[in-house]
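Chain residues, written in single-letter form:
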Amino acid sequence: MARLKSSSDRYGSVAVWVHWLSALLIVVLLVTGFRAANAPDALGKAALLRAHVPAAIAVLLLTAMRILWWWRFDSKPMPLAGLPPWQAGLARIVHVTMLVTVVGMVASGIGMMVLSGAGPAVFGAPGAVMPDFHEFLPRRPHGLGARLMVALLALHAGAALYHHFVRRDATLKRMW
Ligand code: HEM
């Protein structure tokens, strides 16, 4: 049976599930977010945001669970033998920046919804008018955070694939 907690050489099943569910939801958020921002009509934008907002809340809950899990219940496996310290340091910076970016994205997303009063238009109240989100301050950090998230994801996934296919070590396998 899969172990819930991590061991010294691999991640436990809670960490693995939280990781891959968050990854899937973040991809859904990037796709629905960029498509909503470019949607030609209010109905299409509302439909995309009806998926975007609940997916973001799910990511927030998973992130809270992840922080609690590592803080109270589990410890990370040992770094892989032979990993240069600069790579371990860079990986740590990327991971922490991803976490901070997720929290910032959720906060700015909620800020946009609250300040613009877009709830009724997004969730389909008859006659409600979709606001222009660019008129509200959190729209700018949300857009910048989205681009930063794409760059971080590319670095993170690129590094995992490099370890798996070029160095052929267990980096990706122990998160599976
Ligand atoms: C990890 C969390 C989130 C991610 C990765 C994310 C991603 C995105 C992306 C990629 C965009 C398009 C940005 C652009 O084109 O400049 C966007 C727009 C948007 N997001 Fe999010 N988002 C997140 C959380 C939230 C939350 C919590 C809410 C609301 C409660 C929200 C509401 C919106 C809205 C209203 C837009 C603007 C659409 C428009 O300009 O028409 N987002 N998001």
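This text goes with the structure placed above it.
Quick caveat, the model's predicted, so the values are computed rather than measured. (Residues numbered from 1 in each chain as written. Predicted model: local features only at pLDDT ≥ 70, side-chain atom pairs only at ≥ 80, totals over all residues. Heavy atoms only, no water.)

Draft legend 1. Spotlight on unusual backbone geometry. Within the chain, Arg-168 stands out as a residue other than glycine whose phi angle is a positive 55 degrees. Tracing the sequence through the fold places Arg-168 in the segment after helix 5 (139-167). We classify Arg-168 as exposed; its relative accessible area is 68%. (Helix = DSSP H or I, 4+ residues; strand = E, 2+ residues; numbered from the N terminus. Buried < 20%, exposed > 50% of the residue type's maximum accessible area, 1.4 Å probe, protein only.)

Draft legend 2. How the structure looks around the site of the ligand. In the vicinity of the ligand lie 23 residues, with Lys-45, His-52, Arg-139, His-142 and Arg-147 positioned nearest. Lys-45 places a side-chain nitrogen or oxygen 2.3 Å from an oxygen atom of the ligand. Within the residue set of the shell around the ligand, elements represented by two or more residues are helix 1 (13-37), helix 2 (42-73), helix 3 (85-116) and helix 5. Taken together, the residues of the shell around the ligand break down into 15 nonpolar, five polar and three charged. (Near = heavy atom within 4 Å. Polar contact = N/O pair within 3.5 Å; in protein donor to acceptor, adjacent residues only side chain to side chain. Nonpolar A, V, L, I, M, F, W, Y, C, P; charged D, E, K, R; others polar.)

Draft legend 3. Structural detail: the pattern of salt bridges. One pass over the full model with this rule turns up one salt bridge. One salt bridge connects Arg-167 with Asp-169, and the closest N-O pair in it is separated by 3.7 Å. Residue Arg-167 is classed as partly exposed on the basis of its relative accessible area of 34%. For Asp-169, a relative accessible area of 17% gives the class buried. (Salt bridge = Lys/Arg side-chain N within 4 Å of Asp/Glu carboxyl O.)

Draft legend 4. Expanded view of helix 3. With 32 residues, helix 3 extends 46 Å between its outermost C-alpha atoms, agreeing within 8% with the 46 Å of an ideal straight helix rising 1.5 Å per residue. Backbone geometry just after helix 3 places Gly-117 at a positive phi near 60 degrees. (Expected span 1.5 Å × (residues − 1).)

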